[in-house]
Amino acid sequence: FNAGTPVVCGVEASTPQAVVVCAASMSRPVATVFPDSLARVKGEAGKRKTSVAGLGQVLVDCYDQWKLPAELGASWAEPAAVVQVPDPSFEPKPSVTVTIAGDTAPAYMPAG
């Protein structure tokens with residue numbers, strides 16, 4: 001809770017998103033570096049703007065064709081490893097208790 005505002009995305013809803021982020025990180029631990037010939041950096045340190053020539057169109061093509069940049073043959077793209085992740089809906093689900101300012105409330109109530 002933030003100043004009495006309820007949490008918009010609770011643990012159950014955010015878990016699959018967290019799993020995807022972790023899997024993406026595991027599949028390609030080192031980020032691909034764009035070649036200097038495509039990278040454009042403008043401005044002074046602390047106020048720089050960076051762009052990559054052609055990146056916007058590659059991402060539009062990825063969206064339209066349901067493919068990743070490496071699958072479309074983007075010159076800078078490198079395929080990532082396949083990562084096996086657990087099903088976030090696995091059973092049994094953990095039970096967590098959260099204490100905030102002296103109040104105790106279950107973050108997840110197991111079914112049953």
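Residues numbered from 1 in each chain as written. Predicted model: local features only at pLDDT ≥ 70, side-chain atom pairs only at ≥ 80, totals over all residues. Heavy atoms only, no water.

Quick notes on the overall build of the protein chain
Selection criterion: By definition, any uninterrupted DSSP run of H or I lasting at least four residues is a helix, any uninterrupted run of E lasting at least two residues is a strand, and each is numbered from the N terminus. Residue burial is assigned from relative accessible area. The probe radius is 1.4 Å, only protein chains are included, and a residue is buried under 20% of its type maximum, exposed over 50%, and partly exposed in between. Only heavy atoms enter the contact rule, under which two residues are in contact if any of them lie within 4.5 Å.
Scanning the protein chain from N- to C-terminus turns up three helices and four strands. Ordered by position in the sequence, the α and β elements of the protein chain form the string α-β-β-α-α-β-β. Evaluated residue by residue, the protein chain yields a buried proportion of 10% over its 112 residues. Looking at the protein chain alone, contacts between residues at least 24 apart form 33% of all its contacts between residues at least 6 apart.

Some remarks on the side chain of S27
Relative to the assigned elements, S27 resides in helix α1 (residues 11-27). In this structure S27 touches A80, A81 and V83, once residues within four positions along its chain are discounted.

Some details on the pattern of salt bridges
Threshold: Think of a salt bridge as a Lys or Arg side-chain nitrogen and an Asp or Glu carboxyl oxygen that are within 4 Å of each other.
In total, this model carries one salt bridge according to the counting rule given. Notably, a salt bridge pairs R28 with E78, separated by 2.6 Å at the nearest N-O pair. Of the two residues, R28 is situated in the loop between α1 and β1 (39-42) and E78 in the loop between α3 (69-72) and β3 (97-100); the sequence distance between them amounts to 50 residues. Residue classification places R28 among the partly exposed residues on the basis of a relative accessible area of 29%.

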